Amino acid sequence: MTNSSSTATDGTKSIIRFRWIGYGLLVFALVDVIEVLVPPQFTNASWELQAIGQLVERAPVPLIGMALVFYGEQLGRSLLESLLLRVLSWLSILLMVVFLLLVPLGVVNTFKINTQTVNTIDNQVQQQFNQLDQIQQQVDKASAKDLENLAEQLRRAGVPEITSNNPEELKREVKTRVTAFKEGIKKQAAQEKTNRFRSLLERAVKWNIGAIITSVLFFAIWKTSRWAR
């Protein structure tokens, strides 16, 4: 009888230790949430998507904390702890809803960020085109010395060096090089848009799937903690 009683006491102590670890993890999780959300920038799509990603990636901490806190059901619970568990049980269903709502928010922000990225790249391309258009407009009226200066400007802009010394040939070569360079800029911009969208989409899909899984797990915690309510 003594051995059986001692074993039961030791088992209860082990359960209590697990619970304290759970409470500690929940405190850590709260600190993480504050760190992620403060200061808030709720009108910034990039900040919102990054915040979603950080919350999802840190979700295992509160999930493990909840599991440990509810471990052992009502064994060895005080009245105060029973009240706290009731709050945590309802909190778990609230967190389920929050993480579920992060999914559409993540989708919306993904397309917002992609639109902003496309606009930024298009603006940069347009600025380069404007500079090249100005050079093209100057070509017909340019003297031989001016053409050399234009060729030097193009070289600095990244256009392959123009070596012709004949003014008429130099004019034609400048126009040809500028046109080809524009096409290269277009292709490079299109590739940049594709690469950035692919990278953004990969992160968004990963975080949205993580948010769904987290939501399901919080629902499981709420359902299995019915005894605490």
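Being a predicted model, the structure only gives us computed values, none of them experimental.

**Brief notes about the layout of surface pockets**
Roughly 350 Å³ of volume is contained in the largest pocket. Sorting the residues of the lining of the largest pocket by element identifies helix H1 (2-37), helix H3 (60-69) and helix H4 (79-139) as the ones contributing at least two each. The leading source of residues in the lining of the largest pocket is H1, at 6 residues. Its residues placed into classes, the lining of the largest pocket shows 14 nonpolar, no polar and 2 charged.

**Things to note about the packing of aromatic side chains**
Summed over all chains, the structure comprises 7 aromatic pairs. An angle of 85 degrees between the planes, with centres 5.3 Å apart, marks the rings of Phe42 and Trp47 as edge-to-face. Taken together, a centroid distance of 6.0 Å and an interplanar angle of 85 degrees make the contact between Phe70 and Trp227 edge-to-face. Taken together, the residues span a long stretch of sequence, with Phe70 in the loop between H3 and H4 and Trp227 in the segment after helix H6 (167-224) at a distance of 157 residues. Classification of Trp227 as partly exposed rests on a relative accessible area of 24%. The structure contains a cluster of three or more aromatic residues connected by ring pairs, namely Trp90, Phe219 and Trp222. Over the ring of Phe129 we find Lys182; its NZ or CZ atom is 5.5 Å from the centre of that ring.

**A few points about unusual backbone geometry**
Here the amide bond leading from Val38 into Pro39 is cis, since omega sits at -5 degrees, within 30 degrees of zero. With respect to the helices and strands, Pro39 occurs in the loop between H1 and helix H2 (45-57). One non-glycine residue, Glu73, lies in positive phi territory at about 50 degrees. Tracing the backbone through its elements, the reader meets Glu73 in the loop between H3 and H4. The exposure class of Glu73 is partly exposed, given its relative accessible area of 42%.

**Topic: the side chain of Glu81**
Inspection of the secondary structure puts Glu81 in helix H4. In this structure Glu81 comes out as buried when scored by relative accessible area, which is 16%. Residues in contact with Glu81, not counting those within four places in the same chain, are Arg19, Tyr23 and Gly76.

**Observations regarding the pattern of salt bridges**
Pairing between side chains of opposite charge can happen when the charged atoms of each approach one another. Under the defined criterion, the tally for this structure stands at 8 salt bridges. As a salt-bridge pair, Lys206 and Glu57 come within 3.8 Å of each other at their nearest N and O atoms. Placement of the pair is Lys206 in helix H6 and Glu57 in helix H2, with a sequence separation of 149 residues. The exposed category is assigned to Lys206, whose relative accessible area is 53%. Lys193 is the partner of Asp122 in a salt bridge, and the nearest nitrogen-oxygen pair spans 2.6 Å. Taken together, the positions of Asp122 in helix H4 and Lys193 in helix H6 put the pair 71 residues apart, joining distant regions of the chain. The exposure class of Asp122 is partly exposed, given its relative accessible area of 33%. Ionic contacts of the salt-bridge type, sharing partners, join the residues Asp32, Glu35 and Arg58 into one network.

Calculation notes
Residues numbered from 1 in each chain as written. Predicted model: local features only at pLDDT ≥ 70, side-chain atom pairs only at ≥ 80, totals over all residues. Heavy atoms only, no water. 1 Å grid on protein atoms, 1.4 Å probe; cavity = no way out; pocket = protein on both sides within 12 Å on 5 of 7 lines; lining within 4 Å. Points joined across faces, edges and corners; volume = space filled by probe spheres on them. Helix = DSSP H or I, 4+ residues; strand = E, 2+ residues; numbered from the N terminus. Nonpolar A, V, L, I, M, F, W, Y, C, P; charged D, E, K, R; others polar. Phe/Tyr/Trp six-rings, centres within 6.5 Å; stacked < 30°, edge-to-face > 60°. Buried < 20%, exposed > 50% of the residue type's maximum accessible area, 1.4 Å probe, protein only. Lys NZ or Arg CZ within 6 Å of the ring centre and 35° of its normal. Contact = heavy atoms within 4.5 Å. Salt bridge = Lys/Arg side-chain N within 4 Å of Asp/Glu carboxyl O.

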